[in-house]
Amino acid sequence: MIWSNFFDRVTWREFSQVDSIFIVSVVSILALGIVMVSSASISISVNLHGHPYFFMGRQILYLVIGLIFGWVMVSLPTERLQKWGILLMGLSFLLLVMVLVPGIGKSVNGSRRWINLVVFNLQASEVAKVCMVVYVSGYLVRRADRVRKGWVGFFLPLCLCSIFLLFLLFEPDFGASVVLLGTVMALLFLGGAPLYQFLLLLVAAICMLGVVAVSESYRMKRLMNFIDPWADPFNEGYQLSQALIAYGRGEWFGLGLGNSIQKLSYLPEAHTDFVFSVWVEETGLIGGLFLIALFGIMVSRAFKIGHKAMDLSRPFSGYMCFGFSILILAQVIINIGVNTGFLPTKGLTLPLISYGGSSLIITLGSLFVIARVDIENRRAEAKMAAGQKAPITTTEKEDG
């Protein structure tokens, strides 16, 4: 009864008709993620737990949980997500507050970002990012005219976003703050915000992030060492210099899967933030470009599904697809930029590849929502082909 009240069953036949290129790209990245976590974590797994495949086993467990969570999300109508937008924002805000409470929030390497759920540590910022996308997508439908014609409608979601950014900086999680702010700005631009408002906001955001970046000494050190990691290769520049050594070893075709040297306790966080460096060391430049291409294909197909939703007068679903795609794309760009020395060191994982329960589960949930949008698009097209008008959600009717 509860299932039928809140969920809409998706048949296996319907799911099998989801954009095949999108599904293949997601499955391929997931498979490579398991391979790379198992390879990159061997040394640290032996040192901490006495056997080489501890982290691989945990990652497979997270994958199973993520697939179960994803199937729940694909069975949830997007209309219900639209109605729950404010509730989800409240939940994510509560998590951001809880993570700062001693005894609840878990601190690692000086950052308090996680809540211990026994099976895995929930990173509050991961939940906040996707909930913000859901809320802003609904806001762009409800207040479309205000966003496009006035300053108030444009700045209201940014004010809410700034509160979230404040709590993220308390953790501190500067990387997640940049991704969240960038995603909200991109959605507002896609929602029709005037270009001059967007450019003014962009300048203000850059100035604000610049002030935040220089306000802490450790951030300034990261900025300086990112510019020249070889100036202090055994201290502040150690992580980036070891990552660059991995690229040098990989050359064009790599050392072969499992043959990385840098993962043998030379490169810190080899199975999390710097897994891309190990991947390139083992598969070379060709392997690195192949993985980037897979992400590009996945994101482009997600955008295509979003465009189809917009064409079918389903703007909320379209904005969600755009938002989730931008979230993933931003994290990929920042993670690879950090790994290659183009950006200052930030604690952002590579989606679907890096070890970690929160990132994998939440990202899978958002990808399954995109699959749900594709399923609803096909249902709408089938009804239109049968001579019926494509369904419009109740909220979309009100906002006309």
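All right, on to the overall build of the chain then. Check the secondary structure of the chain and you find 18 helices and three strands. The long-range share in the chain, meaning contacts at least 24 apart out of those at least 6 apart in sequence, stands at 72%.

Evaluation of the coordinates by the stated rule reveals twelve aromatic pairs. Ring centres 5.3 Å apart and planes at 70° place the aromatic pair Phe15 and Trp71 in the edge-to-face group. Highlighted residues: Phe15 in helix H2 (residues 12–16) and Trp71 in helix H5 (residues 54–74), separated in sequence by 56 residues. Here Phe93 and Phe167 contribute two aromatic rings whose centre-to-centre distance is 5.2 Å and whose plane-to-plane angle is 80°, an arrangement assigned as edge-to-face. Separated by 74 residues along the polypeptide, Phe93 in helix H7 (residues 85–98) and Phe167 in helix H10 (residues 151–170) bring together distant segments of the chain.

The next point concerns a nonpolar patch on the surface. A cluster of nonpolar side chains, Phe189, Leu190, Leu195, Leu199, Leu202 and Ile206, forms an exposed patch at the surface whose accessible area comes to about 530 Å². Ranked by the residues each element gives to the nonpolar patch, the list is headed by helix H12 (residues 195–214), at four residues. Counting through the fold element by element, Phe189 comes out in helix H11 (residues 174–190).

Further remarks concern helix H17 (residues 357–385). End to end, H17 covers 42 Å across 29 residues, agreeing with the expected 42 Å (1.5 Å per residue, within 8%). Buried residues dominate H17, accounting for 22 of its 29 residues. Among the residues trailing H17, Gly387 stands out with phi positive, at a value near 95°.

Another aspect to go through is the packing of helix H15 (residues 275–311) against helix H16 (residues 315–340). Viewed as axis vectors pointing N to C, H15 and H16 meet at an angle of 165°, and their least axial separation amounts to 8 Å. The angle between H15 and H16 falls in the class roughly antiparallel. Where H15 crosses over H16, the two elements pack in a sense that is left-handed. Its residues assigned to classes, the contact of H15 with H16 comprises 20 nonpolar, eight polar and no charged.

Right, let's talk about the side chain of Asp273 for a bit. Locating Asp273 in the fold gives a position in the loop between helix H14 (238–250) and H15. Setting aside residues no more than four positions away along its own chain, Asp273 makes contact with Asn335, Asn339, Lys346, Gly347, Leu348 and Thr349.

Under the counting rule described, the total for this entry stands at twelve salt bridges. Between Arg379 and Glu14 there is a salt bridge, with the nearest N and O atoms lying 2.8 Å from each other. Residue Arg379 is found in helix H17, and its partner Glu14 is found in helix H2; the two are separated by 365 residues along the sequence. Owing to a relative accessible area of 25%, Arg379 belongs among the partly exposed residues under this scheme. Overlapping salt bridges bring together Asp8, Glu14, Arg314, Arg372, Glu376 and Arg379 as one network.

Attention now goes to the packing of helix H8 (residues 124–142) against H16. Across the interface, H8 lies against H16 with an axial gap of 8 Å and an inter-helix angle of 145°. H8 and H16 meet at a crossing whose hand is right-handed. Contacts between H8 and H16 involve Glu126, Lys129, Val130, Val133, Val134, Ser137, Gly138, Leu140 and Val141 on the former and, on the latter, Pro315, Phe316, Tyr319, Met320, Gly323, Phe324, Leu327 and Gln331. For the contact of H8 with H16, a count of residues per class yields eleven nonpolar, four polar and two charged.

Moving on, we get to the confidence of the model for the chain. Detailed conclusions should not be drawn from predicted coordinates in areas where pLDDT is low. The share of residues in the chain with pLDDT of 70 or more is 90%, and the mean pLDDT across the chain is 85. Taken as a whole, residues 394–400 scores under 50 in pLDDT and shows twelve contacts with residues more than four places along the chain or in a different chain.

A few words on the environment of Val184. By secondary structure assignment, the location of Val184 is in helix H11. On the basis of relative accessibility, which here comes to 2%, the residue Val184 falls in the buried class. Along the backbone, Val184 and Leu158 are 26 residues apart, and their C-alpha atoms lie at a distance of 7.5 Å. Those residues in contact with Val184 that sit more than four places away from it in its chain are Met132, Val136, Leu158 and Cys161.

Attention shifts here to the nonpolar core. Ranked by size, the top nonpolar core spans 107 residues in total, and within it Phe22, Leu81, Met298, Phe324 and Leu350 carry the most contacts. Setting aside anything within four residues of it in sequence, one finds Met298 in contact with Phe22, Ser25, Val26, Ile29, Ile328, Leu352 and Leu367.

Thresholds, definitions, all that
Residues numbered from 1 in each chain as written. Predicted model: local features only at pLDDT ≥ 70, side-chain atom pairs only at ≥ 80, totals over all residues. Heavy atoms only, no water. Helix = DSSP H or I, 4+ residues; strand = E, 2+ residues; numbered from the N terminus. Contact = heavy atoms within 4.5 Å. Phe/Tyr/Trp six-rings, centres within 6.5 Å; stacked < 30°, edge-to-face > 60°. Patch = residues over 30% accessible without salt bridge, like charges linked within 9 Å, V, L, I, M, F, W, Y side chains within 5 Å. Areas by Shrake-Rupley, 256 points an atom, 1.4 Å probe, with all protein chains shown as cover. Salt bridge = Lys/Arg side-chain N within 4 Å of Asp/Glu carboxyl O. Expected span 1.5 Å × (residues − 1). Buried < 20%, exposed > 50% of the residue type's maximum accessible area, 1.4 Å probe, protein only. Axes fitted to C-alpha atoms, helices over the stretch in contact; angles between N-to-C directions. Parallel < 35°, antiparallel > 145°, perpendicular 65-115°, else oblique. Left-handed = near helix turned anticlockwise from the far one by under 90°. Nonpolar A, V, L, I, M, F, W, Y, C, P; charged D, E, K, R; others polar. pLDDT = per-residue confidence, 0-100. Core = buried A, V, L, I, M, F, W, Y, C linked by side-chain atoms within 4.5 Å.

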